[in-house]
Amino acid sequence: MSTKSNFSAQSGDMGLSFCGNGTNAYSVGKGVLDNGCFVDAINLVPHVFLLFITFPILFIGWGSQSSKVQIHHNTWLHFPGHNLRWILTFTLLFVHVCEIAEGIVSNTQMESNHLHLFMPALMGFIAATTSVVYYHNIETANFPKLLLALFIYWILAFITKMIKLWKFAEASLGVQELRFCITALLVVLYGLLMAVEINVIRVRKYVFFANPQRVKPPEDLQDLGVRFLQPFVNLLSKATYWWMNPLIIGAHKRPIELKKIGKLPIAMRALTNYLRLKDSYEEQRNTEDPEKSPSIWKSMYRAFGGPILLSSTFRYMADLLGFAGPLCISGIVEHLDNSTEINRTKTGNMPLGVYFMSSTELLQNTSVLAVLLFLALVLQRTFLQASYYVTIETGINLRGALLAMIYNKMLRLSTSNMSMGEMTLGQINNLVAIETNQLMWFLFLCPNLWAMPVQIIMGVILLYYLLGKSALIGAGVILLLAPVQYLIATKLADTQKSTLDYSTDRLKKTTEILKGIKLLKLYAWENIFCDRVEETRGKELTSLKTFALYTSMSIFLNAAIPIAAVLATFVTHAYIEEVRLSPAKAFASLALFHILVTPLFLLSTVVRFAVKALVSVQKLSEFLQSDEIGDDSWRNGDMSMSLEVGKKYKYQGDTTAFNRKGRYRMDNYEQPMRRQLRPTETEDVAVQVNDGFFTWGSNLSTLSDINIQIPTGQLTMIVGQVGCGKSSLLLAMLGEMQTISGKVFWSNKNRYSVAYATQKSWLLNATVEENITFGSPFNKQRYKAVIDACSLQPDIDLLPFGDQTEIGERGINLSGGQRQRICVARALYQNTNIVFLDDPFSALDIHLSDHLMQEGILKFLQDDKRTVVLVTHKLQYLIHADWIIAMKDGSVLREGTLKDIQTHDVELYEHWKTLMNRHDQELEKEPELESQTTLERKTLRRAFYSREAKNQIDDEDEEEEVEEDEDDNMSTTTSRRSKIPWKMCCSYLSSGGFLMVFLMVSSKLAKHSVMVAIDYWLADWTSSNSQSQSLADSFVNATNYTKNFNATQIAEHHSYVPVFIILCGAGIALCLITSLTVEFLGVAAATNLHHNLLNKIIHAPIRFFDVTPLGQILNRFSADTNIIDQHIPPTLESLTRSTLLCLSAIGVIAFVTPAFLVALVPLAVAFYFIQKYFRVASKDLQDLDDSTQLPLLCHFSETAEGLTTIRAFRHEARFKQRMLELTDTNNTAYLFLSAANRWLEVRTDYLGAVIVLTAAVAAIWTSSESGRVGLGLTYALTVTNYLNWVVRNLADLEVQMAAVKKVNSFLSTESENYEGSMDVSQVPEDWPQHGEIEIHDLCVRYDSLLKPVLKHVNAHINPGQKVGICGRTGSGKSSLSLAFFNMVDVFEGKIVIDGIDICKLPLQTLRSRLSIILQDPVLFSGSIRLNLDPECTCNDDRLWEALEIAQLKNMVKALPGGLDAVVTEGGENFSVGQRQLFCLARAFVRKSSILIMDEATASIDMATENILQKVVMTAFADRTVVTIAHLVSSILEAEQVLVFSSGTLVECDSASNLLAQEDSLFSILVRTHK
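Cut-offs used in this document
Starting from 1, residues in each chain are numbered consecutively following that chain's sequence as written. Whole-chain, interface and lining totals are the exception, using all residues; otherwise, since this is a predicted model, local features are given only for residues with pLDDT of at least 70 and side-chain atom pairs are given and counted only at 80 or more. Side-chain descriptors were evaluated using all non-hydrogen atoms of the structure, hydrogens and water having been removed beforehand. Only C-alpha atoms enter the line fits that serve as axes; for helices the fit covers just the stretch in contact. Angles between N-to-C directions range over 0 to 180 degrees. Under the scheme used here, helices are H or I runs from DSSP no shorter than 4 residues and strands are E runs no shorter than 2 residues, and both carry numbers assigned from the N terminus. An angle below 35 degrees is treated as roughly parallel, one above 145 as roughly antiparallel, one from 65 to 115 as roughly perpendicular, and anything else as oblique. Each crossing gets its hand from how the near helix is turned against the far one by less than a right angle, where anticlockwise is left-handed and clockwise is right-handed. Any two residues whose heavy atoms approach within 4.5 Å at even a single point are treated as in contact. Residues were grouped as follows: Ala, Val, Leu, Ile, Met, Phe, Trp, Tyr, Cys and Pro as nonpolar; Asp, Glu, Lys and Arg as charged; and all remaining residues, including Gly, as polar. Here, strands pair whenever DSSP counts at least two bridges between them.

A.B. asks: I'm lost on the packing of helix α46 (residues 1436-1445) against helix α48 (residues 1472-1485) in this one. Help?
C.D. replies: For any two helices packed against each other, the geometry comes down to the angle between their axes and how far apart the axes lie. Where α46 meets α48, the axes come as close as 8 Å, and the angle between the chain directions of the two elements is 135 degrees. If you check the angle between α46 and α48, you find them oblique. Between α46 and α48 the crossing geometry is right-handed. Across the interface between the two elements, Arg1438, Leu1439, Ala1442, Leu1443 and Ile1445 from α46 touch Phe1478, Ala1481, Phe1484 and Val1485 from α48. Here the residues of the contact of α46 with α48 sort into eight nonpolar, no polar and one charged.

Okay, structure coming up:
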């Protein structure tokens, strides 16, 4: 006690006495507890006690903990009641703040200072803060015994407050006194906190119990890979995303990589959510009505309804708190005017000797209002961000679940669905890329659906309370214009759809051009096809312009509605009401209008998304209902894998236990064991088909009356002409076709997994090794054997990273033969009993096929006694077959051994024999042949050589990033990574045109100046006359005091109206102009950029396409063009708008209260650092999101393409596992990205709140004119909304400008020289008339950096001669054919055709007068006519004639539409052989006297090849034909043969002469190749 009196005695001298200077301040005459001051002193005790105890512990703790400031995961554990404790503590802090405020305000009413009114409250505040810091440290250290200190504190505080409350009650003080309410509240809070503490003791038993409970942290935290800590951190860190600081700030030093963001917590993984959604989906399948499809909406609600409700609650709280802003402003402005103090009450009648105030009195104090405004803003923003976060997390969970559902369904789709086009790849890709995202976005926006109407209604009520009837007129304006906005929003969606259709169409055409670019250039058709693209682009641009128009309308309405509403309201108010409008009400209503606009603007978007979500769900449920592949029951082996995936979980006991084992598999995926006991096998039939009729979905059977047996452990061959159903037979056995009748029997043990190589090779986007092992364990010896058998080693040596090189869609483009050999290698490597090979030789040259046949099939597979089924055209291999099945028109013609057929069907045997004759039976082996590599290797080598040269300038390999990392000097890195790409912005704007840029800038500035002018005028108008009346009682009774308006005042009042109307009109007009200019600037830029890009790329030399991966070029046309078209303009608009708004607001505040500028400096610094760190981190996370999304989408399309292979191999489970991993990775990146956005928004919002606080405080202290203060505060409120938009738009723009950068990098490529030195007019019309070719000293290279591929070639070809060119692979044969078309760099010598040097000719002329048939047949989508004659120069007879020569006439006649029959993309609806024949016909249509055939017969069966040879001899009798031959046998009749060896011409003579010379290279080639 003595310390206290000493304390008061000392402070007595200073006039700051604890109990005041009254005579009886310290008298305890009436009893100790009756002295109010003493009661307050007792209240200090618990607080002081807590501080004394906790500080030493904290300091000791921190001292030892300084090393581990980063909290360790493994100790991160919440005590029971964690969140409740945090909420209670925050409430406690708030009540303490109120208590302090009340104490200080009461103190001003006393004659001397009474410290005891607010001192204990201040100490309470400090103690409460300490308690929560202390608690947090105990919790992270998991040392609950120390919680006893807090427990004692809560009890003491509870008791002392109870005493105070009891004394108040004795003095008959009631609820109407504010201090009584506060004390009562504190008693309740302390009581609750005490209860929480008791609960911790009850659960954890850390004291008073013998055996304390042992606890382990959550499973996710034991796994250090989990870096997403939002679910595990404490409440404060959750609300402010404090745990993200290290990540975001660290991003500055080194880019965020996938390792850094770790894995998802279990609850957010796709598998967990998939099981949730799947269960609620399956629960709805009812027994009575099995046909009725379960509703996706219901299952979504059951699985994810909870979090959405939580989010909506947060949202409601935020919206209600949002209205505190305008109300506080009105209070502050109102009380600034009547700050005259209320007369002090005498001390006499004060109970307990101190002043008690009523609640309303506190709220009339402007400083208190300013603090309240600040707290309301902070809370509102925190709740809002929490609501956003919860919905986003739920949306991401939903997306993961949907993706897993779609994938599972996809693995069970029936093949006929896919090939008959009911479910195209495109549709599946759309489901994955678009529909799931639509639903995710709908979830994001879904709380708005029910929160917004409430917000709007509340706003209107408040406006009515402030302004009376005229408010309803303003609200009416807003409500009337809302439907217009909705209308525009729906129009926008439609235009976007049509734009999308056009752009997919344009992309398809562009892809075709790029894939067939070689052919287009050789035929000089690139401009025709380029125009096709430009035409589609024109349509796309038209719809983009409409899109731009609607977007600008929507932006315009968004900006103009509040102006219109304010105009209507204030003008009517001026004329209707007799009451003068006070600044308080004017600015409160202005702020309210600002609040109201947002929900109205968003409502249209939300409704639109809801409509889209309905459509998406419709599509999804259709997909989930579509046909599945037949059940596997008939493959009567014991099935190792259940088809119902995910069902296994049901029987695993409870899921969590199952998850614990760390196996998050959908299916236990076992590799079938390889049986050791092969020889004792009894069955000699591996597969048998009885009376099989199979179809591809239509009711016509594709295969009819099939009765076959496949003998075990033998080599079975299936032969027949093109299109007779050989491949279908394999698929029918695999169960991919629909069975009409009949049965397929597999001998037991066989149908685990079939190694199956399709005809159209299917590769994964993975390394070569992964493609071959395909999930089997790696066995070096076996792998080596397989690679040798498929002669892949030389190809692998050429790859930049050997067999670790990525291949596939996104990897390196391999040629057909290489891809095919990899697929065969995959089938050989798998350890299965049965191997199905579908035409493995189709893309291989004779040498490779022989090697594959001997080493791979005969040796590797037969030695293993594996059952092999081989579909082939190469009849010369029939002698190796143990069993032959000959097919014709969908049924089996003959079955048996070659001997059987020889004896029973002589005719067929003879037919085969004639075909085989030209190929000798034996293959002689020569040592030098081992070194042979193929043409494909040559192109590969070329591609790499150049790729290295190109890498230096290539923007795809982020070279700059790498260089920066090596830089030890960290600061340079930092500055480069946080720089804004101004250069790109300039190049973007300049491609939009300078006039538009000037218009945009000037109209933007004008618009914002007018907006400020409107509000400033309003401030002047409302405060013009306010000085004349006292506003003191306006709060109480607004209607009475202005009845005595005299006429002059009314007139003056009305004189403000016209200016106001004019300003508002100007503002609305400028809004329209700005929104239009920005959008059309965007359209102009997009038009120019795409046009230039297309022209550059189409006219680039062929070299460019060898070097640049196709995917990269396509990206420029798809993703990047799309960003430039649709994303940059709105971002640019939003960025300029929010920046200007913030600047104008800060300007206004500084103008009203110059003192604010002092506070602005620290705020600006804080803002600068926040945006700097955020932009870098956001860019990294966005890149991660994009880069992880691509593999996911690729995995889906890959799976859809390879369904048959995956199912034959039985690898569904492995692929599901992969899909889950990819989804989780992508979701992690997206979660971090949205958490980073929340991090930014929380920080900028708090900054905004600080700006409001400083503006308010500055205004109160400098007590400026009330109207202007209102203006300043209203503007300060808008800043909070726009600050984060400035940063986010900056970050977005930075990412989007990368697209401009990439497009620009392609615009610098050089074009081919199209002009030539001769004029077109100098070339004779019918050149080349004769077809005489002279080659003088020709040297050719692909690029000035590369070695020459042809050296000093001299040759002379007479008109009409048939010339053969041969040589080992890589000897320069094909390069010669390209040299005829001037496609390569001829740097010495010349080629003269009919007297004209071809290098001087314009390219168009040269290439349009020669014709060529390439090795890979290329067809374009469209009609047959377009493929034969895109220039439309020939009549139908000519086309039919060409088709007849190519043996296609009958087939085309049979097609619907004849010449106008449809060719699908890449000619997929014809077989490879037929496509090659079309290419022949194409060459015939062009009546050129020179035809070049570049290995044109490589992919055709022998019968067709014979036809071809005959045709060339007859139809081309009078023309010069140059044949480049794979198979030397095809040029044995040639009149002249040129033999090349490594780029030089070694022999040149007629075939017969060369053959006569034993040691000529030609005769060696003939002997070896046969």
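A.B. asks: Just to check I follow, could you spell out the sheet that holds strand β23 (residues 1544-1549) for this structure?
C.D. replies: Note: strands within a sheet are paired through backbone hydrogen bonds, in either parallel or antiparallel orientation. Spatial ordering of the open sheet is given by β17-β20-β21-β14-β22-β23, a layout of six strands whose pairing is mixed. Among the strands making up the open sheet, the edge pair consists of β17 (1411-1413) and β23. Pairs of neighbouring strands in the sheet enclose a mean axial angle of 20 degrees, with direction left out of account. Two elements, strand β14 (residues 1362-1367) and strand β21 (residues 1520-1524), share four bridges in a ladder whose sense is parallel. Paired with Val1363 across the bridge in β21 is Val1522. Along the sheet, α48 contacts β17 and β20 (1490-1494); its crossing angle with β17, the most-contacted strand, is approximately 170 degrees.

A.B. asks: Would you take a moment to explain the pairing of strand β12 (residues 1333-1341) for this structure?
C.D. replies: On a regular strand, each side chain points to the face opposite its neighbour's, so the side chains alternate between the two faces of the sheet. Both β12 and strand β13 (residues 1348-1357) contribute to a ladder of six bridges, which runs antiparallel. The partner of Ile1335 across the bridge, within β13, is Ala1355. Between the end of β12 and the start of β13, which pair antiparallel, lie six residues. Pairing of β12 with strand β15 (residues 1385-1393), which is carried by seven bridges, proceeds in the antiparallel orientation. Of the residues in β15, the one forming a bridge with Ile1335 is Ile1391.

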